[in-house]
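Single-letter residue listing:
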Amino acid sequence: MVPSRGAAGAAVKMTDNPVSAKTRLKLLLARTDHRKYFTITMRSKSIASSGHWTLKLKNDNVTDRFWASSLCQFDGMKAGLMKHGQALTVICAGIMAVSLSGCAAYHSAPLNLYSPLKTSLSRLNRGPVGGKFIPVTGRLSAPDLAALAVLNDPDLVAARAQHGVAKAELLSAGLLPDPTLTGGFAALLSGPGSAPAISGSLTEDVAALITYSVNKSAAQAGLAQVDASILWQEWQVASQAEQLVVSLAADRRIVSTLEQDRAALAAVNAETSHLVTSGNLTIAASSASLAALAGTDTALNSAIQTQQRDANQLDALLGLQPGVAVSVILPEIPPIGQAEADQALATLAMRRPDLIALRYGYRQADARLRAAILTQFLPVSLGVAGGSDTSKVVSVGPQVTLNLPIFNRNRGVIATAQATRAVLKAQFSASLAAASGGAQSLLATIALLQSQSKAADRAAAQATGIAAQAQTAFAEGTLDALSAVNLQTAAADRTREAITLRAELLNARLSLATLLAIGLPPVAASDLKASS
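Keep in mind the model is a prediction, meaning the values are calculated, not measured.

Would you take a moment to explain the overall build of the chain for this structure?
Each helix and strand counted, the chain has 12 helices and seven strands in total. Across the 532 residues of the chain, 35% fall into the buried class. Looking at the chain alone, contacts between residues at least 24 apart form 75% of all its contacts between residues at least 6 apart. Accessible surface computed for the chain: about 30,100 Å², of which carbon and sulfur atoms make up 60%.

Can you walk me through helix α3 (residues 142–152) in this structure?
An α-helix turns once per 3.6 residues; consequently, residues spaced three or four apart project the same way. Of all 11 residues that make up α3, eight are buried, and the element is covered over most of its length. For α3, the full list of buried residues reads Ala142, Leu145, Ala146, Ala147, Leu148, Ala149, Val150 and Asn152.

Just to check I follow, could you spell out the pattern of salt bridges for this structure?
Any two side chains of opposite charge can pair if their charged atoms end up close together. The final tally for this structure, using the stated rule, is six salt bridges. Measuring nitrogen to oxygen at the nearest pair gives 3.0 Å for the salt bridge that ties Glu234 to Arg160. Of this pair, Glu234 sits in helix α6 (residues 212–278) while Arg160 is found in helix α4 (residues 154–173), placing the two residues 74 residues apart along the sequence. The residue Arg421 makes a salt bridge to Asp366 at a minimum N-O spacing of 2.7 Å. Of the two residues, Arg421 sits in helix α11 (residues 411–476) while Asp366 sits in helix α10 (residues 353–375), which places them 55 residues apart along the sequence. Residues participating in the shared-partner salt-bridge network are Asp261, Asp493 and Arg496.

Which parts of the structure should I look at to understand the sheet that holds strand β6 (residues 380–388)?
Hydrogen bonds between backbone groups are what pair the strands of a sheet, and the pairing can be parallel or antiparallel. Across the sheet, four strands lie side by side as β4-β5-β6-β7; this open sheet has antiparallel pairing. Two strands close off the open sheet at either side, each with one partner strand: β4 (180–186) and β7 (394–402). Neighbour-to-neighbour, the strand axes of the sheet open up by a mean angle of 15°, direction not taken into account. Sheet analysis places β4 next to strand β5 (residues 197–205), joined by seven bridges and oriented antiparallel. By the bridge assignment for β5, Thr180 is matched with Thr203.

Is there a simple way to explain the environment of Leu290 in this structure?
Here Leu290 shows up in helix α7 (residues 283–318). For Leu290 and Thr272, which are 18 residues apart along the polypeptide, the C-alpha to C-alpha distance reads 9.4 Å.

Just checking my understanding: could you explain the packing of α10 against α11 for this structure?
Between two packed helices, both the angle of their axes relative to each other and the distance between the axes serve to describe the pair. Across the interface, α10 lies against α11 with an axial gap of 9 Å and an inter-helix angle of 165°. The angle between α10 and α11 falls in the class roughly antiparallel. The crossing of α10 and α11 is left-handed. Counted together, Leu355, Leu358, Arg359, Gly361, Tyr362, Ala365, Asp366, Arg368, Leu369, Ala372 and Ile373 of α10 and Val413, Ile414, Ala417, Gln418, Thr420, Arg421, Leu424, Lys425, Gln427, Phe428, Ser431 and Leu432 of α11 form the full contact between these two elements. Here the residues of the contact of α10 with α11 sort into 13 nonpolar, five polar and five charged.

Even after reading the chapter, I still don't get the side chain of Thr257, so can you show me in this structure?
Secondary-structure assignment places Thr257 in helix α6. Accessibility expressed as a relative area gives 12% for Thr257, which makes it buried.

I tried to follow unusual backbone geometry on my own but got confused; where do I start?
Outside of glycine, negative phi angles account for most residues, and trans bonds account for most peptide bonds. With an omega dihedral of 15°, the bond running from Gly127 to Pro128 counts as a cis peptide bond. By the element assignment, Pro128 lies in the loop between α2 (62–101) and α3. The phi dihedral of Lys392 is positive, around 65°, even though this residue is not glycine. For Lys392, the location among the structural elements is in the loop between β6 and β7.

Calculation rules
- Residues numbered from 1 in each chain as written.
- Predicted model: local features only at pLDDT ≥ 70, side-chain atom pairs only at ≥ 80, totals over all residues.
- Heavy atoms only, no water.
- Helix = DSSP H or I, 4+ residues; strand = E, 2+ residues; numbered from the N terminus.
- Buried < 20%, exposed > 50% of the residue type's maximum accessible area, 1.4 Å probe, protein only.
- Contact = heavy atoms within 4.5 Å.
- Areas by Shrake-Rupley, 256 points an atom, 1.4 Å probe, with all protein chains shown as cover.
- Salt bridge = Lys/Arg side-chain N within 4 Å of Asp/Glu carboxyl O.
- Pairing = 2+ DSSP bridges.
- Axes fitted to C-alpha atoms, helices over the stretch in contact; angles between N-to-C directions.
- Parallel < 35°, antiparallel > 145°, perpendicular 65-115°, else oblique.
- Left-handed = near helix turned anticlockwise from the far one by under 90°.
- Nonpolar A, V, L, I, M, F, W, Y, C, P; charged D, E, K, R; others polar.

This is the structure:
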């Protein structure tokens, strides 16, 4: 639609439906004082029929022609917008439909505001482990109790959730970046052009393709690191459960000996009280039995508190409420010989999960350093761009976006990655040294505890025999109360010392097996090189 540029009173025709044309004219002319420039008449007598709306210029000057031309350009622009807008709408709708078809949907996950602790062993997660469920009736063995702790410890349940995070990071690293689609539309308002301009481009981040393999390798190492760390936590929880079994068994024996001592001392105290009442013994002579009985009551109360504390720790490890009784069997813990310990120390970095986790962490840091170095050279995007201008000339061609490594060059990220790798290397060396030194120290401690435990057992047996003889002599009246009390107290102390040393020896053996990862299934770390 082109306006007339003839004499005054020339007509500007707009061939269109009369109603829509008049509506557009009014919308445009309402914003201007159009009565200064032209009048509107309709040639057709029928509104329904196709006709012409004629704009008659009152004056033939530049301003009048400009308004007439703008009015006609407006009509053309609207037609072009309708035509190209419909096409763009269809294209955009198709792209959005394809994109949204693979989008995730939000689902709420409200928190549980009530305590997750169980009230009985039967309500625990019991497997299956090794193809069968862990029995919870009767007295539990140490391995079964350790397995229950690994399955139900609340801290371990929370730690295992980190596997999902690391797995999601691996998924993210394995996804290519989405291409970027841009488009533009410029309506023709004036000038010699004959059509609106349309432009568009499709680009892809090539730098992400270059660092794809190293980023995925870093994410794989991160997932393996998390899994190895979780395995190390499980191994420690299992060992802690077995150590609590040993401690509870020792607690029960100590409480039992103290109760026996209290009964014996109570009998001696009753006898001395009777002798004092009958005038055959002075009050000063009976003070020894009273003091020994008071000391035994104090020790018994402390031992009961220790037993309850250890029982509550075991309940917490199993995810049980405090106070739930757990009956266990004291395990047989064989000693670890020097040759076995030396062999385990030689391969410690290849077997212990926490050291393997640090090796995977070092591998991840090394991969991230490589990715940072690669990124400094090729931060580039490639694509294709095209379109048509206002003269309907269509063009298409490649498009390149390149960041020049002049000022930044990714130096900050590279320096951070280098420092992180150095820190992890130092941490691995420190952990390996601590593990080796701790194992050697435990071996020396175990050797000392073995000799002390044997000596304490012999002394306790001897003192117990003497105390039994003293009780008989006191009952026959051939031994005074003070001597009987002293011998009974000495025997009880020897017995409890032997029990304590035996428990310390067994726990030291368990700690050594934990440090050396003896009995732990091998960790799949074949992709780690010894030099890493």
